[in-house]
Each structure stands twice: as structure tokens, then as C-alpha cells.
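# Tertiary structure, described
Each chain, letter by letter, is given below.
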Amino acid sequence: MTRDMTQGNITGHMLAYAVPLVFGNLFQQLYHTVDSVVVGQFNGKEALAAIGAAGPVMNILIFLIVGISMGSSILMAEYFGAKDYESLRKEMATSLAAGLLLTAVLILVSVSGSGLFIRLTRTPTEIAPLAADYLRIVSAGLFFTFLYNILSAGLRAVGDSRAPLYVLILTTLVNVALDLLLVGCCKMGVYGAAIATVTAQAVSALALLGYLFFRARILWIPLSKLRISREFLKKTIDFSSVSALQQTMLYLGRLLVQSGVNSLGVDAVAAFNAVSIADSYILAPGDSLAASMTTFAAQNKGAGTGERIEKGLKTMLCMAEIYVCLAAVIVFTKSRWILGIFLKPQETAALAFGLSYLLPMSLGYVLTGITNTFQGYFRGIGNLKITLRATLLQIPIRVAVTYLLLNTIGLQAVAVGTVIGWSCMAVFQYFCYRKWGIHKTVA
């Protein structure tokens, strides 16, 4: 179901669009969490640490794909807002064809270089082979990951945030069932978790293809029209390359942090995997609200209604801050319970590492309501260079502070570095908004 956000109640549009995104992101996190929970409970901290060590490398590949999809989604939302449906379909076709070619290259690089990538992150030797095998298997399913992301991006661009949610619910159930079967019953460990993930990704891609064919023909591209338009490719590269670079830099920073954490031993790696999953759940709704801001701004930019964008920004800032403040209180008061989901009570060293991270990190969550909303705003109005510069500012600060303090305060250094990085990012974004926000062009 499409949603035209260029007219009507702003708060109503944003909530109606954002709520399915929030649940979708939570199911996306559950989808990835199941592997860690099931493997951690059935195979112990070494297997859990192996999946955690493979995560940052996998995330770089995935967020290259997400970056492509994000850039394409902004353009498609603008065309939809302008009622230019022919350009909308040409953009979809170009993004799909070009993205499939890039994904083929990523699969080749990742499958052949998985062992090297795991060694470069200084993964402990006792878990390195498992981590490399997990990365190799999951990388082989990147075609399905790309298809799901680009099709979801198209649907969200036209205001349909429900269909991707329903597909995620389906594939999460598939992933849970296969994890319990392959890891719990068949004792296949991380190999079973990887196979379950790839299978679930395939289900998600095929389900969305079916949905486009039967229910969203505005985005359906027959094979005969699946070609790359030079005109649209240039625009797509302009937008997607910045988004992909930003996402890659974000996770390259995470990879560098993971490398530092790996040097602290298996207990720290297992704890960091657990708290990173907790972080992802806390931050996922904020990311969804930012995505809602992006689509809202892009559609209204296409329609030439800049005043609505400014009103939408203020509305979203209020909504985001209410959420992150509540989330911060929950994490601060329930940190031990959260860690107990992933770690056994007798793993006291790993639990201590996790608590040292979550308590200061919870205080920093309040900053993300500002940073995420402004990221969504600048993406939506097409000023992606600011979003990239904001990331390029905060990532080096995060990494530098982490390495400076890592040997002194352990895993807590990651939380301190992250909060300082977010603080600098928020100040930078507000400065850019005052100087280059769309309000400067609105009479």
C-alpha cells in the first residue's frame, strides 16, 4: 500500500510509516540475534565469540548493499513525490541491475578472502577457523540479502513500510525454526546457524519478489526491462556511493573496535557480541524513525513542499527523544538481565565486561535521538555529504578514544569512545542545519 506524505497530517503520516519500520527493525535484529542466542546456549562462549568476530566483516559487506539501497530509495521517493512514475521504474531497474553486478563481486571477494579478513581483525586463534567458516557460508547468500534490501527500499520509497515487516516476520520464524533444528537438534553449531541464515534470506527475497508481482506493480520490473540507464546510473552512483561509503566507514570503525576488543581475549569478545546485539535492539527504533524522516523529506522535496519538511523535522526530534530516554532508563536498570539472555551465569568474567560497557553506554543513548533524526533529514533533502562528514568525524574519535583507554578500563573504553563521538556528531549536525538546512531555501 503506497503512502503519499506530501499532504495530510504530518504526525499521522510519520507514525503510520514509522511503526511498521520500528517493528521491522526489531525483527531484523531478532533475525540476527537468534544465531547468537541459540549457538551461545547450545555451544558455549567460543561459538558465540566466533559469530561475533565474523560480524563486523559481514556488516561491512551488508552495509555496502544497504548504502546502495538507501541512495536508490531517496531518488525513488523523490520521483514518487513528484508523481513521475516512469522515472521511478527506471531508477528501480537501474539500481537492481547494477546492484546485482556489485553483489557478485562482493561474494567473490568475501568467500575467497574470509580467512584473511578474520586474521586481520586479530581474532583469537582458538575461534578463528569457526569465524572464517561462518563468514564464508553467510557471504554466499549475499544475492538474497541484496534483493531483499533493494526491493524493500523501493516499497518504502512509495510509502509501503508494512510489506517488508510482514516478510521479516515470516523469515525470522524460518530462521528460528532452522536454528533450533540445525544447531539444537542436529548439533551443527555455527555451520547450522550460517545455513539457517542464508535459507531465511532466500525466503525473504522470494517473498518480496512475489509481493511486487501481485500487489505492487508500480515497482515491478520485467526481465525484458531490467537494464541499466546511463542517466539514472549516474544519479544512483552519486547518491548510493556516498551512502555506501558512509555505511562502510561506520562498520570499518566497528571492525577496528572489534579488533581492539579481540586482543582482550575470548571473554571480552563474547561480552562485546552480547552488548552489541543489545545496542542494535536499542538503536533499531531510532534508525527506523530516521528512515521515516528520510522518506518524508524526500517525497516532500520532490513535491516542492519544503515547509512540511521543517515541521516534520521538529516532530521527529520530539518523537525520537521520547523513545531514547525511555530506552536509556530500561538499559541502565536492567543491564544484568539483558546480558543474561546471551551469557550463562557462571561466565562471570564475560558478564563483568558486559556490565562495564552497558552502564555508561545507556547514558549516551539520549544523543542518538538527535544524531539519527538529523541524518534522516539530510538524506531526505539530498545533502548526503553532510551525513558522510558527520560519520567521518565521529568514527575516528570513537576508535581513537577506544584504543587510548582500552588497556586501562577494558571494554568500557568502547562505550566512552562511542558517547564522545556521538556528542561531536550532534554538535556538527546542528551547525550544518543552521547553515545549510532546507529552511534556508524556504521563503
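Residues numbered from 1 in each chain as written. Predicted model: local features only at pLDDT ≥ 70, side-chain atom pairs only at ≥ 80, totals over all residues. Heavy atoms only, no water.

### Some words on the overall build of the chain
Each helix and strand counted, the chain has 14 helices and 0 strands in total. Going residue by residue from the N terminus, the α and β elements of the chain occur as α-α-α-α-α-α-α-α-α-α-α-α-α-α. Taken against the 2.2 N^0.38 rule, which gives 22 Å for 443 residues, the C-alpha radius of gyration of the chain at 21 Å falls within 12% of a compact globule. Taken over 443 residues, the chain has a buried fraction of 58%. Relative to all contacts within the chain whose residues are 6 or more apart in sequence, the contacts with residues 24 or more apart total 82%. If you sum the accessible surface of the chain, you get close to 17500 Å²; carbon and sulfur atoms cover 69% of it. (Helix = DSSP H or I, 4+ residues; strand = E, 2+ residues; numbered from the N terminus. Rg over C-alpha atoms; globule rule 2.2 N^0.38 Å. Buried < 20%, exposed > 50% of the residue type's maximum accessible area, 1.4 Å probe, protein only. Contact = heavy atoms within 4.5 Å. Areas by Shrake-Rupley, 256 points an atom, 1.4 Å probe, with all protein chains shown as cover.)

### A look at the packing of aromatic side chains
This model, assessed by the stated rule, comprises 11 aromatic pairs. On the numbers, 4.9 Å between centres and 90 degrees between planes, the contact of F213 with F214 is edge-to-face. Residue class for F213 comes out partly exposed when judged on its relative accessible area of 36%. Judged by relative accessible area, which is 65%, F214 ranks as exposed. Clustering of aromatic rings is evident, with ring pairs tying together F374, Y377, F378 and Y433. Over the ring of F213 we find R217; its NZ or CZ atom is 4.8 Å from the centre of that ring. (Phe/Tyr/Trp six-rings, centres within 6.5 Å; stacked < 30°, edge-to-face > 60°. Lys NZ or Arg CZ within 6 Å of the ring centre and 35° of its normal.)

### Thoughts on a nonpolar patch on the surface
Side chains of L15, V19 and F23 sit close together on the surface and give an oily, nonpolar patch of about 260 Å² of accessible area. For V19, the position within the fold is in helix α1 (residues 10-43). (Patch = residues over 30% accessible without salt bridge, like charges linked within 9 Å, V, L, I, M, F, W, Y side chains within 5 Å. Salt bridge = Lys/Arg side-chain N within 4 Å of Asp/Glu carboxyl O.)

### Section: the packing of helix α3 (residues 85-120) against helix α8 (residues 230-262)
It is the contact of α3 with α8, at a shortest axis distance of 11 Å, that shows an interaxial angle of 25 degrees. In terms of orientation, α3 lies roughly parallel with respect to α8. As for how α3 packs across α8, the hand of that crossing is right-handed. Side by side, α3 and α8 meet where S87, K90, E91, T94, S95, A98 and L120 of the first sit next to F232, L233, T236 and S259 of the second. The residue inventory of the contact of α3 with α8, partitioned by class, reads 4 nonpolar, 5 polar and 2 charged. (Axes fitted to C-alpha atoms, helices over the stretch in contact; angles between N-to-C directions. Parallel < 35°, antiparallel > 145°, perpendicular 65-115°, else oblique. Left-handed = near helix turned anticlockwise from the far one by under 90°. Nonpolar A, V, L, I, M, F, W, Y, C, P; charged D, E, K, R; others polar.)

### Structural notes on the environment of Y166
Take Y166: it is sitting in helix α6 (residues 162-185). Sequence-wise, Y166 and T248 are 82 residues apart; in three dimensions their C-alpha atoms are separated by 28 Å.

### A few points about the environment of A131
Within the secondary structure layout, A131 lies in helix α4 (residues 128-139). It is 8.3 Å that separates the C-alpha atoms of A131 and A47, two residues lying 84 residues apart in sequence. Apart from residues lying up to four places away in sequence, A131 is in contact with A50, A53, A54 and I118.

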